[in-house]
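Chain residues, written in single-letter form:
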Amino acid sequence: MKRHLLSLAFTFCCMPLTSFAWGPDGHHSVGAIADTLLVGSKAGQKVTEVLQQSSLEQVAVWADCVKGINPEKDFAYTSTGRYPECAPFETKEGIDAMSSYVRRNNSNCNPAEGEESCHKQYHYTDVAIQHAHYKSGYVGTNEHDIVHAIGAAVAFLQGKPAVQPFQFQDEREALSVLTHLVGDLHQPLHVGSVFLSNQGKLINPDAAHTHYDKGSNTVGGNALQCPCGNLHSMWDELPQAYKHGRMNEVLKLKASKLDKTAGTIENWPSLWADQTIADAKTAFSGMQFSKSTATQRGNNWSIALPLEYEKTMLKIKEEALIKAGAHLAQLLQSIWPE
């Protein structure tokens, strides 16, 4: 059976990358869903006022495009023409805006040696899947992770005092970042992670008497390798049928029927993170981990996937897009109520 699973993993991971493409398509879909749900509302009018000639669908990728700013080259933009979705921001004014954002959010969180720039850390957290809830203080969480970043952007748009260490210049910047991060919050491997012992066994780094080794964190699947890539990349990808907004009408209809989240707006990001942790448990369920000199690179692990993994993954992805779009609209309607 293990040999069959490894064969399946190889077949699935080595499918041509043109068959899938999450990235901009997924984020555009989340923004497009929210745009539709906000039509005719005060929040929709405010979005138009803030973004002017743009929409949530268009700015949903901005927080990824800013990663083209290189702090080591005096915060110059080094990705011109590389990513088509970033072309609208590659004007002089747009590049200046991206550079300004990265300058303010590069080292403001005091990253440890070897850690990413602060604004890149805003996109994720790494909660062990043994937990049922997101909780500040767990290994893999911090005060500038995705849950806190969403909360900070919401507070800024509400006109509240700035939340440290996040630094937003204006409403357009905060809204663009918020739109992107709400999408990321619903991607299971942007929130949940597995921690492995040297024998490839699941461990809970927050359990009593557990000695936490930083190397045990698979960082949202980035350290879990198929023969042709890593698990996190597989989950970032979007099915071909959903690319270029082909399924947006279906997704919008389903999103319009989704129940609104109860409670206060301050608690919504952590509640949505709880749901994503549950999805992450499913994403990692039945997976086998092993060291392999043939595929091992650094602290990476080889993985074997359970049967029908692709079917499970695609179902979760569709649900994630629907929830992300609906939740983004709910946030904005609460920020700018009727």
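Residues numbered from 1 in each chain as written. Predicted model: local features only at pLDDT ≥ 70, side-chain atom pairs only at ≥ 80, totals over all residues. Heavy atoms only, no water.

A. Structural detail: the state of the cysteines. On inspection of all chains with the given rule, the structure shows two disulfides. Residue Cys65 pairs covalently with Cys86 via a disulfide, S to S 2.0 Å. Given an S-S torsion of about -90°, the disulfide between Cys65 and Cys86 has left-handed geometry. Taken together, the residues span a long stretch of sequence, with Cys65 in helix 5 (residues 62–65) and Cys86 in the loop between strand 2 (76–77) and helix 6 (92–104) at a distance of 21 residues. One exposure class covers both Cys65 and Cys86, and it is buried. One disulfide in the model links Cys109 with Cys118; its S-S distance is 2.0 Å. Disulfide Cys109 to Cys118: torsion about the S-S bond roughly -95°, handedness left-handed. For the residue pair Cys109 and Cys118, the accessibility class agrees, reading buried in each case. (Disulfide = S-S within 2.5 Å. Helix = DSSP H or I, 4+ residues; strand = E, 2+ residues; numbered from the N terminus. Buried < 20%, exposed > 50% of the residue type's maximum accessible area, 1.4 Å probe, protein only.)

B. Local environment of the packing of aromatic side chains. Tallied over the full model, the rule gives six aromatic pairs. Seen in terms of ring centroids, Trp235 and Tyr309 are 6.3 Å apart; in terms of plane orientation they differ by 85°. Their pairing is edge-to-face. One end of the pair, Trp235, is in helix 10 (residues 231–236); the other, Tyr309, is in helix 13 (residues 309–335), and 74 residues separate them in sequence. Judged by its relative accessible area of 1%, Trp235 is buried. By relative accessible area, which is 4% here, Tyr309 ends up buried. (Phe/Tyr/Trp six-rings, centres within 6.5 Å; stacked < 30°, edge-to-face > 60°.)

C. Just the environment of Ser256, in detail. Here Ser256 shows up in helix 11 (residues 248–256). Residue class for Ser256 comes out partly exposed when judged on its relative accessible area of 44%. For Ser256 and Ala34, which are 222 residues apart along the polypeptide, the C-alpha to C-alpha distance reads 9.5 Å.

D. The confidence of the model for the chain, seen in detail. The predicted model of the chain has a mean per-residue pLDDT of 90, with 91% of residues at 70 or higher. Counting interchain partners and residues more than four positions distant, the pLDDT-below-50 stretch residues 1–21 has 44 contacts. Low pLDDT, under 50, characterises residues 294–298; the stretch is placed with four contacts to residues that sit more than four places away or in other chains. (pLDDT = per-residue confidence, 0-100. Contact = heavy atoms within 4.5 Å.)

E. Quick look at the nonpolar core. Core analysis: the biggest nonpolar cluster contains 64 residues, and Leu56, Ile150, Leu178, Leu331 and Leu332 have the highest contact counts within it. The element contributing the most residues to this core is helix 13, with nine residues. Contacts of Leu178, omitting those with residues within four sequence positions, involve Ile150, Ala153, Val154, Leu157, Leu328, Leu331, Leu332 and Ile335. Residues Ile129, Val194, Ala283 and Ile316 belong to the second largest nonpolar core, which totals 20 residues. (Core = buried A, V, L, I, M, F, W, Y, C linked by side-chain atoms within 4.5 Å.)

F. Region of interest: unusual backbone geometry. Of note, the amide linkage connecting Gln164 to Pro165 takes the cis form, showing an omega dihedral of 5°. Within the secondary structure, Pro165 is located in the loop between helix 8 (146–157) and helix 9 (171–185). The backbone phi angle of Val219 is positive, close to 40°, even though this residue is not glycine. Inspection of the secondary structure puts Val219 in the loop between strand 6 (202–203) and strand 7 (224–226).

G. Quick look at the sheet that holds strand 8 (residues 229–230). With mixed pairing, four strands are arranged side by side in an open sheet as 8-7-10-9. Single-partner strands in this sheet number two, and they are strand 8 and strand 9 (288–290). Bridge count for strand 7 against strand 10 (residues 301–304) is two bridges, and the pairing is parallel. Counterpart to Leu224 in the pairing with strand 10 is Trp301. (Pairing = 2+ DSSP bridges.)

H. Highlighting the side chain of Thr261. For Thr261, the location among the structural elements is in the loop between helix 11 and helix 12 (268–284). Polar contacts involving the side chain of Thr261 include one to the side chain of Trp272, which spans 2.7 Å. Contacts of Thr261, omitting those with residues within four sequence positions, involve Trp268, Leu271, Trp272, His327 and Gln330. (Polar contact = N/O pair within 3.5 Å; in protein donor to acceptor, adjacent residues only side chain to side chain.)

I. Here's a closer look at helix 2 (residues 23–37). Between its terminal C-alpha atoms helix 2 stretches 22 Å, which fits the 21 Å expected from 15 residues at 1.5 Å a residue. The complete set of buried residues in helix 2 reads Asp25, Gly26, His27, His28, Ser29, Val30, Gly31, Ala32, Ile33 and Ala34. On the buried face of helix 2, the contacting elements are helix 4 (56–59), helix 5, helix 9, helix 11 and helix 13. (Expected span 1.5 Å × (residues − 1).)

J. Quick look at the pattern of salt bridges. Under the criterion given, the structure shown has 11 salt bridges. Linking Lys315 and Glu319 is a salt bridge whose minimum nitrogen-to-oxygen distance equals 2.7 Å. Placement of the pair is Lys315 and Glu319 together in helix 13, with a separation of four residues, close to one helical turn. For Glu319, a relative accessible area of 31% corresponds to the partly exposed category. Connected via shared salt-bridge partners are Lys46, Glu49 and Glu171. (Salt bridge = Lys/Arg side-chain N within 4 Å of Asp/Glu carboxyl O.)

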